[in-house]
Amino acid sequence: MCHSKYYSPVRAALLCSFLLFSLTGVRAEESWWNKEWGARKPFTVDATAQGGAITEPIGTSVVLLRLHQGNFNFAASREDGSDIRFVAADDKTLLPFQIEKYDSLMNEAFIWVQVPDIKPGEATKFFLYFSNPEGTGELADAKTTYDPETALVYRFAEKGSAPSDATKNGNAADKAGTPSEGSMIGTGLRLLGQGPITIPASESMNFAAGDPFTLSAWVKTTALRPNAALFTREEGLVIGLDEGKPYVDISGKRTPAGEAIAADVWKHLAVVSAEGKTTVYLDGEVYGSVDASLPELKGASILGGDSTAFVGEIDQLEISKAARGAGFLKLAAVSQSGTEKAGKLLVAGEAEGSEGGGGGHSGALEHVMLFGDIAKNMMFDGWIAVAVCVVMLFAAGFVAVQKWINLGKIEKGNKEFQKHWRNVASDLTSMDLDDPEAAKSLGGKLGKKTIKLLSDAPLYYIYHVGSEEIRHRLGKGKNKGQGLSARSIQAIRAALDAALVHEHHRLNKNIVYLTVSIAGGPYVGLLGTVVGVMITFAVIAKSGEVEVNSIAPGIASALLATTVGLLVAIPALFAYSFLNTRIKSVIGEMQVFIDEFVAKIAEFYPPPGEGGLPVPIRQIRSPEEAARNEEALRGQDSPNAAK
């Protein structure tokens, strides 16, 4: 086929490429988990040397996805993220996940996903599916995100309520602590050394002597205190920082002191106890260890404490009845850190499907859809301003469209009239002005279809006014021989000028709606913005909360009113400028036509003695008129007449 006269090598290559692309697309379509979801985004946990460089066993882990505008199109998903699903590399197995935070307005989300069987030194892939308007369908049980060995997970995302357990065990704390906005992962917990937070005893938090045990958390100390306890079990387990040096104390046996961590720096701290040895990990690396087994633990657990306890912040506390390996802890420490290393370990691929392929949502659509999120926070006064602007927009739009259509008809009618007028202008007396129908049809030269087309032409209307004035002053045949005096021609011009003014008003009718939209739209929108900003600051002053999350939505919604006002004024300005130019062109045509018409009247209807017959012989209706006409002709041919 490639050597056929119908196929050059280039065409054959293009055809083969097209077939290959088509087959690839078919395979991708066949492997799509659920066609109700329009887009998906691949993620890869890269434990290779080029990624996280994790060589120790990892296994099934819960990975944190930090979604933002740079790696996820929030506009393509539902505003609450309810259409998000995670599927394993086989594109069949649903993965359980939990959403800690999903803010489509600020384009930020924290999602915890269970990724099965992560192998050291290898890349493990999974998919994030989104872009389903309905957001319904299969969904894995969120409570199974953590394995059965996980006894407790606190994310401290609650505000004003006690920390709740993200596992199915339900180990909630006894009271609410002090939340810390902008913590390591969203909202954390601030420990001020003014009283402990107690985790009541439960079956899932009981440990027999020698049982495996793992505790991990993100910590940031703000005061380097000696023996500052972070986590305590009364039976003989204390985890804390001694002047910034992490330690674990088991029944009096303490890990040796290492290098102190600096204040106000987030660190991933983990303690693992198994087989008679307890080890402290810092950022996924071994920090110190002690030969000691876990004692029997059946009482309550305590976070923080009195004035001698740990002072600082804590986030993402996890307690397990299993000895987590070094690879597992390193994966958690690096992937949750949000650093450049985290970007190499957890790699986001290009979105696929309607969103990623360019056939669905785009960056422009994303910005447009943000207006919907902003509008949710708009106050009543802002909606009033927007409503007024919308009314002006519809009024201006209706007038602009109507004028556009009418001007099209007018310009077409004027053009048609000018074509026929050239034939009549050579001799105005060729028309029988005593017959209104003859004047209407320009001496019988126009058909009914053409006359209907000319009904919208201002030139045709002015011509009608002029012909009626001529017919009136010629006296319907009684004074045809007298022609038209200069005063009569001046009166006809006045009538034509009055017709011009009438047409000028008709052409500019309702244009005021465009000028009102141009001038009023921005001011109405600005009024809504000023009032919205004023109310926002008044609310902030009353509540005493000064933070971006409390200010930004109100300011953004207030500015939306000005945006709407400008969206009204700008199109109205363009429409007015374009329509006004066309209207001026039509008025100019009428002025030129009036001058030409008056000149033709003066030429073809002169008063007696200025030469020529005012009316052709074929228009004479009586013998008396014929005799007077012959006498006039003889008088013009005589020598005295020439003189």
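As the structure is a prediction and not an experimental result, all values here were calculated from the model.

S.K.: Whenever I open this one, the sheet that holds strand β2 (residues 59-68) confuses me. Can you help?
M.R.: Within a sheet, each strand pairs with its neighbour through backbone hydrogen bonds, oriented either parallel or antiparallel. The three strands lie next to each other as β2-β5-β4, forming an open sheet whose pairing is antiparallel. The sheet is open, and its two borders are formed by β2 and β4 (97-103), each paired with just one other strand. This sheet shows a mean twist of 20 degrees between the axes of neighbouring strands, independent of strand direction. Sheet topology places β2 next to strand β5 (residues 108-118); nine bridges connect them, and they run antiparallel. Directly across from R66, in β5, lies its bridge partner F110.

S.K.: Sorry if this is basic, but what is going on with the packing of helix α8 (residues 458-474) against helix α9 (residues 486-507) here?
M.R.: A pair of packed helices is characterised by two quantities: the angle between their axes and the separation of those axes. Packing of α8 against α9 leaves a shortest axis separation of 9 Å and a crossing angle of 155 degrees. Between α8 and α9, the angle is such that the two are roughly antiparallel. For the pair α8 and α9, the sense of crossing is right-handed. Across the interface between the two elements, P458, Y461, I462, V465, G466, E469, I470 and R473 of α8 pack against S488, A491, I492, A495, L496, A499, H502, E503 and R506 of α9. A breakdown of the residues in the contact of α8 with α9 according to their chemical character gives 10 nonpolar, three polar and four charged.

S.K.: Sorry, what's going on with the side chain of S202 here?
M.R.: Relative to the helices and strands, S202 is located in the loop between β10 (197-199) and β11 (213-221). At 2.6 Å, the side chain of S202 forms a polar contact with the side chain of N171.

S.K.: What am I meant to see in a nonpolar patch on the surface here?
M.R.: Among the surface-exposed residues, V401, W404, I405 and F578 lie close enough to one another that they form a single nonpolar patch of about 420 Å² accessible area. Counting residues per element, the nonpolar patch draws most heavily on helix α5 (residues 380-425), which supplies three residues. Looking at the element boundaries, V401 is found in helix α5.

S.K.: Help me out: how do you make sense of the sheet that holds strand β14 (residues 245-250) in this one?
M.R.: Sheet architecture is open: six strands sit in the order β10-β19-β12-β13-β14-β15, paired in antiparallel fashion. The sheet is open, and its two borders are formed by β10 and β15 (253-254), each paired with just one other strand. Taken together, the two bridges between β14 and β15 define a ladder with antiparallel strand orientation. When the sheet's bridge partners are listed, D249 is paired in β15 with R254.

Parameters at a glance
- Residues numbered from 1 in each chain as written.
- Predicted model: local features only at pLDDT ≥ 70, side-chain atom pairs only at ≥ 80, totals over all residues.
- Heavy atoms only, no water.
- Pairing = 2+ DSSP bridges.
- Helix = DSSP H or I, 4+ residues; strand = E, 2+ residues; numbered from the N terminus.
- Axes fitted to C-alpha atoms, helices over the stretch in contact; angles between N-to-C directions.
- Parallel < 35°, antiparallel > 145°, perpendicular 65-115°, else oblique.
- Left-handed = near helix turned anticlockwise from the far one by under 90°.
- Contact = heavy atoms within 4.5 Å.
- Nonpolar A, V, L, I, M, F, W, Y, C, P; charged D, E, K, R; others polar.
- Polar contact = N/O pair within 3.5 Å; in protein donor to acceptor, adjacent residues only side chain to side chain.
- Patch = residues over 30% accessible without salt bridge, like charges linked within 9 Å, V, L, I, M, F, W, Y side chains within 5 Å.
- Areas by Shrake-Rupley, 256 points an atom, 1.4 Å probe, with all protein chains shown as cover.
- Salt bridge = Lys/Arg side-chain N within 4 Å of Asp/Glu carboxyl O.

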